[in-house]
Structure formats: structure tokens, C-alpha cells
Amino acid sequence: MLHEYKVAMPLDWQPGDKVIVPAPKTVEELAERKNSDLEMVDWYLAKKSI
């Protein structure tokens, strides 16, 4: 299931918790991330609900 979303789960993840989105690889991806609805922890760490 998580492979289709291309995300990772924190160690203590429970169903309903947010998952971790991979870090952006380009400046363009970073700009898209800043304009998205992701929960930004830092520029490289973002979370979302699935």
C-alpha cells in the first residue's frame, strides 16, 4: 500500500497518523512543496495524511 503512495511511516505510526513524504530532489520540487498542503516540519521533512 505505501509503495503506491511513495511515502514512509514513522516507527510508532498508527493507522490514521500522518506519513512522511520523501525530501524534494530539485529546487522546483521544493517550490511545489512550499505551495502544497503538506505539513512542513522543515524544507526536507513534510508529512501528509493518506
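Here, every reference points to the structure presented above.
All of the points below concern the structure found in this document. (Residues numbered from 1 in each chain as written. Predicted model: local features only at pLDDT ≥ 70, side-chain atom pairs only at ≥ 80, totals over all residues. Heavy atoms only, no water.)

### Quick word on the environment of Lys-47
Reasoning step 1: Position of Lys-47 relative to the elements: it lies in strand β3 (residues 45-48).
Reasoning step 2: The sequence separation of Lys-47 and Met-9 amounts to 38 residues, and the corresponding C-alpha distance is 9.7 Å.
Reasoning step 3: Lys-47 has contacts with Lys-18, Val-19, Val-21, Leu-38, Glu-39 and Val-41, leaving out every residue within four places of it along the chain. (Helix = DSSP H or I, 4+ residues; strand = E, 2+ residues; numbered from the N terminus. Contact = heavy atoms within 4.5 Å.)

### Observations concerning the pairing of β3
Reasoning step 1: Alignment of strand β1 (residues 19-21) against β3, held across 3 bridges, turns out to be antiparallel. The residue of β3 that forms the bridge with Ile-20 is Lys-47.
Reasoning step 2: Pairing geometry for strand β2 (residues 39-42) and β3, over 3 bridges, is antiparallel. Among the inter-strand pairings, Glu-39 is bridged to a residue of β3, identified as Lys-47. (Pairing = 2+ DSSP bridges.)

### Brief notes about the sheet that holds β2
Two orientations exist for strands paired in a sheet by backbone hydrogen bonds: parallel and antiparallel.
Reasoning step 1: Strand order in the open sheet formed by 3 strands is β1-β3-β2, with antiparallel pairing between adjacent strands. The outermost strands of the open sheet, each flanked by one partner alone, are β1 and β2. Strand-to-strand twist in this sheet, taken as the mean axis angle between neighbours without regard to direction, amounts to 35°. (Axes fitted to C-alpha atoms, helices over the stretch in contact; angles between N-to-C directions.)

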